[in-house]
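These are the residues of each chain, in order.
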Amino acid sequence: MTFFLQLVVTGFALGMVYALVAIGLVIILKCSNVFNIAQGHFVLIGGYLGYTFLVLFGLPIWATLVMAVVVAIIMGLLIERLTLRPLVGQPELAVIMMTIALATVLEGLATLIWGGEYKTYHGVLPTVTLKLGEISVPPESLIGLIVSIAAVTILMLLFRYTKIGLAMRATAEDLQVVQSVGIRATTVYAASWVIACVVGVIGGILLGGVSGVMIPLAEIGLKAFAVVLLGGVNSIGGAIVAGIILGMLENVAAGYLDPLLPRGGLAQVFPFIVMIIVLFFKPYGLFGLVRIERI
Amino acid sequence: MAKSKLALAALVITILVASSLFPASANAAKTLYIGGTMSLTGPYAEDTAAVLAAYEDYAKYVNETKRMAPWRNEKFPANITLEVLWRDDELKAAKALTIYEELKAKGMLLYRISGTPVALALKDRLNEDGFGAPSMGGGPYLITPPGTIFTYYPIWTDDLAAIADWFIGQWKGTRKPRVAYLTNDSGGGRSIEVPEMGAYLKKLGYEFVGSQIVPLVPTTPPTTQLMWLKENKVDLALGVMINAGAQPTIKEAVRLGMGPHLDYKITFGMTASSPLPVFAPAMGEVGNGFVVAGSFPPLDDISIPGIKFCNELQKKYHPSKWVGHIQYVAGMLEAMTQVEALRLALQKMPFEKLTPRQVLEDGFYKIRNLDTGDLSATPLTYGPGKIEGVDAVRVDQLQKGKIIKLGVWPCRHIYKR
Amino acid sequence: MGLRCGTFRENYAQDMAIFRTRLHWGVLFAFLIFLFTCPLFFSDRILTVMTMIGIAIISVHGLNILTGYCGQISIGHVGFMAVGAYTSAILTAKLGWSFWPALPCAGLVAGIAGLIFGLPSLKIKGFYLIMATIAAHFIIIWLILQLYNVTGGPDGLAVLKPKIGSFALNSKASYFYLVMAIACLATSLAINIVRTRAGRAFVAIRDNDLAAEVMGINLWSYKLQAFFIGCVYAGVAGALLVHYYGFASVDQFPFMDSVWYLGMLIVGGMGSTAGAIFGAVSLKLLDELVTIVGPVLSKIVAAQAAASLALITRGLVIILFLIFEPRGLGHRWGMIKAYFRLWPFSHEE
């Protein structure tokens, strides 16, 4: 039983991180219908920014978050203005290609600036070891939980009460109508990229605190795809719930099934197996809207 | 019109690119190339940058002094200069293939291997063309014929065998010690799961429990895998991990109260791919009890002649840019092996007639007791069918934040094909 | 289809002809003669690059039929290449088959794998389908690792070079001929597949699947056909790749390569056979350029900075290209042809 509960708790921690990365993907998908392959690379940059501000500059965690968010906002604005704005109205696949190129550039930049090195900041983030009976709760999951909840609350408020948030939701609904009532779609796009960058960078700082930063960290973006699919592409709340479900399922399945398999490694592929099963039975995810199409 | 001009410009660029594919004009007189493919971007960027720095420093040293090392009397032929040639392969098999052809066309007589994917893509080709190559990755796949790729440390199964030897020697329990693999999810990490390894562990008196797989770079602590080890009462966990995997794993293990000196007694033994000189400063006391086999001596231990030599070269050639990464030592060993192979081959054959196969057969295969100034566990010896240069495995443990040498165990050569 | 002024299509055969004028035939033969005499005047290095380009072209043709013509976006193409690669590797290395029957089997098995992972395509499209194909890649690679008794798992499998009689295709030149012959065959097949009933159905599905269904096109059957054909191409390309390496291992099929195959298709231009070729050639050459630029830059900056600058350059070239030419090289090629056809009285559209 302890083993099972431990798996669940750890899976929860993992799920929060997945969710945070997935939110960035969902926002861009919702607002500009772009499948952002570079989302994992935002996480990578975030991790290195965390290292830079926490270790090199010796800033406290709150200042690090503020600084990283500032950098992320600038990064988001630059990316949108320089690479995606020129492609407005062009085929969707050209935009996907642009995000592939973006991923290459970000990876190159990370290697250029930080030497592609493995950077850690063990012990810089506040650590609290919680014990519930036999089960130890990873401190990262608590931080992840708090930051994720904060991020989601801010986003919810943004989407409900601010003009730009409403504009973003409207754009997601129908671009042409939005343009005809005089909302600037370009502002909406810029905002969505900025948010995606900020969320990714925050996720990166958290992940870096857990396991350090290195170029392959960008692969977290792939797992986030599965989360988005399970939750439904147009639901931020869905992404969070799906992230947690997937994190727990992955851990429990790996914990119990791995020893039965000749070569193990189920955790790596489990999200994708879940994905295929979901696609068969609930193709629009758990919380996604079923699209009604007309000719 | 503007667009057509643009298209024309694109055409010109394409032609320029295509023309650069042609091999450069005749080589400058009497230059021999060392180096080869490097993974300067991608997951091994950090390690490879240090390796390349060592290659360049050593080439400069030999060119200036014509000596092989301060402790050696042999001389490199005075009329030949060395030049380091490299290309970035991003650790991708497809790129490694075309890079290899390019460097071969440029007149390289030997090669180097930057990691597992590159080794698997090139090993048969190297054999076909008779190229010898030192390798940074050390999976057991190198043993299977052809065997023209050489390591300057024991391959991973032999690393782990040494740890198993050490552990059983100090085992005080009444039951059989229980062992499991805790290894990373890559071709290299999983290459230890060969029947020979299991058979050897059984022969020593271990009870083998199973394997747990950790991502190459985990994005979350591998709590599940560690809990599984605890559930199954494992005493010794063996595996291949790079530092980016080993550090969070050990950190999490300590948090779960697992370690040689903690509530739950377990020892973690890893191969040289997570070298202690990188691990120790990052982890400090948290990493107490972590064992690594096949590692190099740390860069600050200047009582070792090889390390002293490394430090002198760094001070001399790039005093402002200090390379502190331990793989500098790996690069130094690779460069020494390559240059020694060239020197030996040059004794048999004049410069003009040298071919890769001669460098392999009269060079690499003839290297006997190459004194590396104690950078490697023993002097290096190669030959057909003998691709592990060393005959002993150095085992180190982190104790109280310091690297302590546990001793040297003989190389078991357990993987045979 | 633009033809020179004064060229008329007067009967059905002429209307259907791909090579309509003498000039077309002349250019084709000149190109083929040039291609198949390459080994006479090019070095091993260039032959290697060209062989790799040839394999990429075969693979991208498959992706083009699936994604470019039928509109089913796939980012799991390399997974299907791995299926073909391992099929051929197992048949030749473990069961002792000859390469020649193993190659079509590789295509067939990859095609069947494509059918399985294409099944969700009936219910889903766009983003969801991209996800399904990504999942396909990871599940396939994981299965290959699991079945280590057959596939060699992480150790991989040594593969022999193909033989004709007792003559092994060992040299760069002989393998170059093999790949180029198959690439030419694949290209001509690709051109013709999209002109069949199925090909026209693919285009209809891509442009609007609901409308296509209303017109009586069986979506289920045609989408699966597209997956099958696309993955057969991938399987053949994968088999050619491992026989060229002489070794099969999962490291040769990284996920990012799938992304880059899609990239080749986009850069070349979707839904155009010429585009697939342009894309494969240009991105592979860009790769070569990046490799050469690094060491040149290292004369100015440190080696690692130089290598990462080269990587950034590749990204920037693609970004600039997309901004100026989002419809791909195939589109520009058509424009240039039109320009010269009407020259000197051409005008910009």
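Look up: the structure comes first, before these words.
Residues take numbers from 1 onward in each chain, read along the sequence in its written order. Labels are handed out in written order, letters beginning with A for the chains and numbers beginning with 1 for the ligands. Two thresholds apply to this predicted model, a pLDDT of at least 70 for residue-level local features and 80 or more for giving and counting side-chain atom pairs, whereas whole-chain, interface and lining totals are computed over all residues. Remark: hydrogens and water are excluded; side-chain values derive from all non-hydrogen atoms of the structure.

**Quick look at the overall build of chain C**
Helices and strands together make up the secondary structure of chain C, namely 15 helices and four strands. Its C-alpha atoms give chain C a radius of gyration of 21 Å, near enough to 20 Å, the size a compact globule of 349 residues would have. Dimensions of chain C along its principal axes, counting C-alpha atoms only, are 65 × 60 × 45 Å. Here chain C, with 349 residues, has 57% of them falling under the buried criterion. A run of H or I in DSSP counts as a helix once it spans at least four residues, and a run of E counts as a strand once it spans at least two, with each numbered from the N terminus. The atom set for the radius of gyration is the C-alpha atoms, and the globule formula is 2.2 Å times the number of residues raised to the power 0.38. Here the term buried applies to any residue with accessible area under 20% of the maximum for its type, exposed to any over 50%, and partly exposed to those in between, with areas from a 1.4 Å probe on protein chains only.

**Considering the packing of aromatic side chains**
Aromatic pairs are defined between Phe, Tyr and Trp rings, using the six-membered ring for Trp, whenever the two ring centres lie within 6.5 Å; interplanar angles under 30 degrees are classed as stacked, those over 60 as edge-to-face, and all others as tilted. Under the counting rule described, the total for this entry stands at 34 aromatic pairs over all chains. The interplanar angle of 75° and the centroid separation of 4.8 Å between the aromatic rings of Tyr61 of chain B and Phe309 of chain B together place this pair among those described as edge-to-face. With Tyr61 of chain B in helix H2 (residues 45-65) and Phe309 of chain B in helix H11 (residues 305-317), this residue pair connects regions lying 248 residues apart in the sequence. Comparing Tyr61 of chain B with Phe309 of chain B shows no difference in burial state: the two are buried. Among the aromatic residues, those joined into a cluster by ring pairs are Tyr58, Tyr61, Trp71 and Phe309 of chain B. The criterion is that NZ of a Lys, or CZ of an Arg, lies within 6 Å of the ring centre and within 35 degrees of the ring normal, and then a charge sits over that ring. Arg125 of chain B extends its terminal NZ or CZ atom over the ring of Tyr244 of chain C, reaching a point 4.5 Å from the ring centre. Its end group placed over the ring of Trp260 of chain C, Arg314 of chain C keeps NZ or CZ at 5.0 Å from the ring centre.

**Digging into the interface of chain B and chain A**
The contact criterion used is simple: two residues touch if any of their non-hydrogen atoms lie within 4.5 Å. Taken together, the 32 residues of chain B in the interface contact 36 residues of chain A. In short, buried area is how much 1.4 Å probe accessible area vanishes from two parts on joining, totalled over both. Carbon and sulfur atoms make up 61% of the area that chain B and chain A hide from each other, which totals about 2900 Å². The largest per-residue losses of area from chain B upon contact with chain A belong to Thr219, Thr224 and Arg255 of chain B, which jointly make up 22% of the total buried on that side. Salt bridges are defined by distance alone: a side-chain nitrogen of Lys or Arg within 4 Å of a carboxyl oxygen of Asp or Glu. At the surface where chain B touches chain A, the tally comes to zero salt bridges. Polar contact criterion, stated in full: a pair of N or O atoms within 3.5 Å, where within protein one must be able to donate a hydrogen and the other to accept it, and residues adjacent in sequence count only if both atoms are side-chain atoms. Across the contact surface, chain B and chain A share one residue pair in polar contact (both at pLDDT 80 or more). Elements with a minimum of two residues in the side of chain B that touches chain A: H2, strand E6 (207-214), helix H8 (223-231), helix H9 (243-255) and helix H10 (276-283) of chain B. Sorting elements by how many residues they give to the side of chain B that touches chain A places H9 of chain B first, with six residues. For this scheme, ten residues count as nonpolar: Ala, Val, Leu, Ile, Met, Phe, Trp, Tyr, Cys and Pro. Four count as charged, namely Asp, Glu, Lys and Arg, and the remainder, Gly too, count as polar. Partitioning the side of chain B that touches chain A into residue classes produces 16 nonpolar, nine polar and seven charged.

**Some remarks on the interface of chain A and chain C**
Reports often express the size of an interface as the amount of accessible area lost when the parts come together. Opposite the 51 residues of chain A that make contact, chain C presents 50 residues. Buried surface at the junction of chain A and chain C, summed over both partners, amounts to about 4500 Å²; 82% is from carbon and sulfur atoms. Where chain A meets chain C, there are zero salt bridges. If you tally residues by element for the side of chain A that touches chain C, the top one is helix H4 (residues 92-114) of chain A, at 15 residues. Looking at the side of chain A that touches chain C residue by residue, the class counts come to 37 nonpolar, nine polar and five charged.

**Points about the sheet that holds strand E8 (residues 267-270) of chain B**
Residue and element names in this part refer to chain B. If DSSP finds at least two bridges between two strands, the strands pair. Spatially, seven strands are ordered E6-E5-E7-E8-E9-E10-E11 in an open sheet, and the strand pairing comes out mixed. Across the chains shown, the open sheet's two edge strands, defined by having one partner strand only, are E6 and strand E11 (402-410). Within the sheet, the average angular offset between the axes of one strand and its neighbour, ignoring direction, is 25°. One ladder, built from four bridges, connects strand E7 (residues 236-239) with E8; its direction is parallel. To define axes, lines are fitted to C-alpha atoms, for helices over the stretch in contact only, and angles between the resulting N-to-C directions are given on a 0 to 180 degree scale.

**What to know about empty space enclosed by the protein**
Here the term cavity refers to a set of points on a 1 Å grid, laid over the protein atoms alone, in which a 1.4 Å probe fits but cannot get out; the term pocket refers to an open set having protein on both sides within 12 Å along at least five of seven lines, with lining residues being those that place an atom within 4 Å of a point. Grid points are joined across faces, edges and corners, and a volume is the space filled by probe spheres set on the points. Tallied over the full model, the rule gives six cavities of 30 Å³ or more. The space that makes up the second largest cavity amounts to roughly 400 Å³. Along the wall of the second largest cavity there are 24 residues; nearest its centre are Ala94 of chain B together with Asp257, Met264, Lys284 and Asp287 of chain C. Class assignment of the residues belonging to the lining of the second largest cavity gives a composition of 15 nonpolar, two polar and seven charged.

**Some remarks on the packing of H11 of chain B against helix H12 (residues 327-348) of chain B**
All names here are of chain B. Contact pair H11 / H12: the axes reach a minimum separation of 11 Å and the direction vectors enclose 95°. Viewed along their axes, H11 and H12 adopt a mutual orientation that is roughly perpendicular. On H12, the residues touching Ile307, Phe309, Cys310, Leu313 and Gln314 of H11 are Tyr328, Val329, Met332 and Met336. Counted by class, the contact of H11 with H12 contains eight nonpolar, one polar and no charged residues. An angle counts as roughly parallel when it lies under 35 degrees, as roughly antiparallel when it exceeds 145, as roughly perpendicular when it falls between 65 and 115, and as oblique in every other case.

**A few points about the environment of Gly153 of chain C**
Residues and elements named next belong to chain C. Turning to its location among the elements, Gly153 is positioned in the loop between helix H7 (148-151) and strand E1 (157-158). On the accessibility criterion, Gly153 (0% relative accessible area) is buried. For the pair Gly153 and Val250, spaced 97 residues apart in sequence, the C-alpha separation works out to 8.0 Å. Aside from chain neighbours lying at most four places away, what touches Gly153 is Tyr86, Ile144, Leu145 and Tyr148.

**Concerning the pairing of E8 of chain B**
Residue and element names in this part refer to chain B. Neither face of E8 is open: one carries Thr267 and Gly269, the other Phe268 and Met270, and all of them are buried. Where the polypeptide runs from E7 across H9 and back to E8, its parallel neighbour, the crossover connection is right-handed. Across two bridges, E8 lies against strand E9 (residues 291-293) in parallel orientation. Looking across to E9, one finds that Gly269 is bridged to Val291. Here, the term right-handed applies to a crossover whose path from the first strand over the helix to the second runs clockwise when the strands point away from the viewer. The parallel pair E8 and E9 is bridged by H10, and the resulting crossover is right-handed.

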